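# Fold and geometry: a report
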Amino acid sequence: MSYCGFFWVSGVRRFCRAPFSYSLPAVTVGRECPAVSARLVARGPRALQNLPPSFSPFPPPPTPGWPGGIVALSSTAAPPDSSPGPPPESEASGAMKHLPYFCRGEVVRGFGRGSKQLGIPTANFPEQVVDNLPSDLSTGIYYGWASVGDGAVHKMVLSIGWNPYYKNTKKSVETHIIHTFKEDFYGEILSIVITGYIRPEKNFSSLDALISAIQDDIEEAKRQLDLPEHLKFKEDNFFHMPESKIMNGH
Ligand code: ADP
Ligand code: MG
């Protein structure tokens, strides 16, 4: 499943039968990056092959878990991909070039997709934090370290995906902390460092497949974070810095 509005990505190409066009609005990406905009005009079936995996002409239905979510078996969407192996080069490099990425913000209410009911709650960042992400940071599933307030630093998995509630023009960032908390922590400051990338968003044919993928993501994150190159960030001074409300960057 995909947490956090980790709507475990869905490339919902299923209804694209007619010529269409869409554009992503300009996204402001902080001091050093100019605002950029991307426009794609696709005509006919051939153009569909060039669409990014997260493209959807319609918002996907809200589904619990990671971005993407579940795609009906009868659709023409790409088949669910359960094969292990390295993520596609372009997405992996779009992710890795920005890592490690430090980020901090208040925990806000999400979309109520039932992530918590599935045992995988995802703490959502506010729009402001998401808007400050590098615009070319790949959507998909990442891992790293997280701390709530001045609490202990825990392993986490994180989903960066397109937010269906904004017609897929805005990203959402949701963190599942691999720890059992006694209480919710809405309103607290969540600090994270993203250190690695697992995979792009993708489609799932059933809720079970989605849940299973998220569980695999969690296990992969746990393994990777024990490696010295990731473990070292657990002790980073960032987690002991006086809290500012919002912070993004390296
Ligand atoms: P929402 O749709 O409001 O984000 P979720 O079902 O995704 O609701 O639950 C997320 C909330 O659960 C977080 O904002 C946080 O307060 C709480 N929570 C409890 N344990 C965790 C955890 N291990 N990781 C993330 N959030 C957690
Ligand atoms: Mg959530």
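For the structure itself, look to the data block above.
The rules we used
Residues numbered from 1 in each chain as written. Chains lettered and ligands numbered in written order. Predicted model: local features only at pLDDT ≥ 70, side-chain atom pairs only at ≥ 80, totals over all residues. Heavy atoms only, no water. Helix = DSSP H or I, 4+ residues; strand = E, 2+ residues; numbered from the N terminus. Contact = heavy atoms within 4.5 Å. Donors = N, O, S within 2.8 Å, 3.2 Å for Na, K, Ca; no water. Buried < 20%, exposed > 50% of the residue type's maximum accessible area, 1.4 Å probe, protein only. Salt bridge = Lys/Arg side-chain N within 4 Å of Asp/Glu carboxyl O. Near = heavy atom within 4 Å. Polar contact = N/O pair within 3.5 Å; in protein donor to acceptor, adjacent residues only side chain to side chain. Areas by Shrake-Rupley, 256 points an atom, 1.4 Å probe, with all protein chains shown as cover. Nonpolar A, V, L, I, M, F, W, Y, C, P; charged D, E, K, R; others polar.

### Some thoughts on the overall build of the protein
For the protein, the helix and strand inventory stands at 5 helices and 9 strands. Going from N to C terminus, the protein has its helices and strands arranged as β-β-α-α-β-β-α-β-β-β-β-α-α-β. Long-range contacts, defined as pairs at least 24 residues apart, comprise 80% of the intrachain contacts of the protein with a sequence gap of at least 6.

### Thoughts on the coordination of the magnesium ion (ligand 2)
Those donors, Thr122 (O), Thr122 (OG1) and Asn124 (OD1), are the protein atoms that reach the magnesium ion (ligand 2), and they lie 2.2 to 2.4 Å from it. Across the pair, exposure class does not vary: Thr122 and Asn124 are buried alike.

### A short note on the pattern of salt bridges
Applying the stated criterion to the full structure yields 5 salt bridges. A salt bridge links Asp136 to Lys97; the shortest N-O distance between them is 2.8 Å. Taken together, the residues Asp136 in the loop between α3 (127-131) and β5 (140-148) and Lys97 in the loop between α2 (89-96) and β3 (101-106) connect sequence positions 39 residues apart. Among the ionic pairs, Glu219 bridges to Lys222, the shortest N-O distance being 3.3 Å. In this pair, Glu219 and Lys222 both sit in helix α4 (residues 207-225), 3 residues apart, roughly one turn of the helix. Look at Lys222 and you get partly exposed, because its relative accessible area is 30%.

### Some words on the site of ligand 1
Around ligand 1 sit 19 residues, and of these Gly110, Asn124, Ile177, Phe185 and Tyr186 come closest. Gly110 places a main-chain nitrogen or oxygen 2.8 Å from an oxygen atom of ligand 1. In the environment of ligand 1, a nitrogen atom lies 3.0 Å from a nitrogen or oxygen atom belonging to the backbone of His179. Its free accessible area being 560 Å², ligand 1 has 93% of it covered by the protein chains. Listing elements by their share of the shell around ligand 1, those giving two or more residues are β4 (123-124) and β7 (171-177). The biggest single contributor to the shell around ligand 1 is β7, with 3 residues. In terms of residue class, the shell around ligand 1 is made up of 8 nonpolar, 8 polar and 3 charged.

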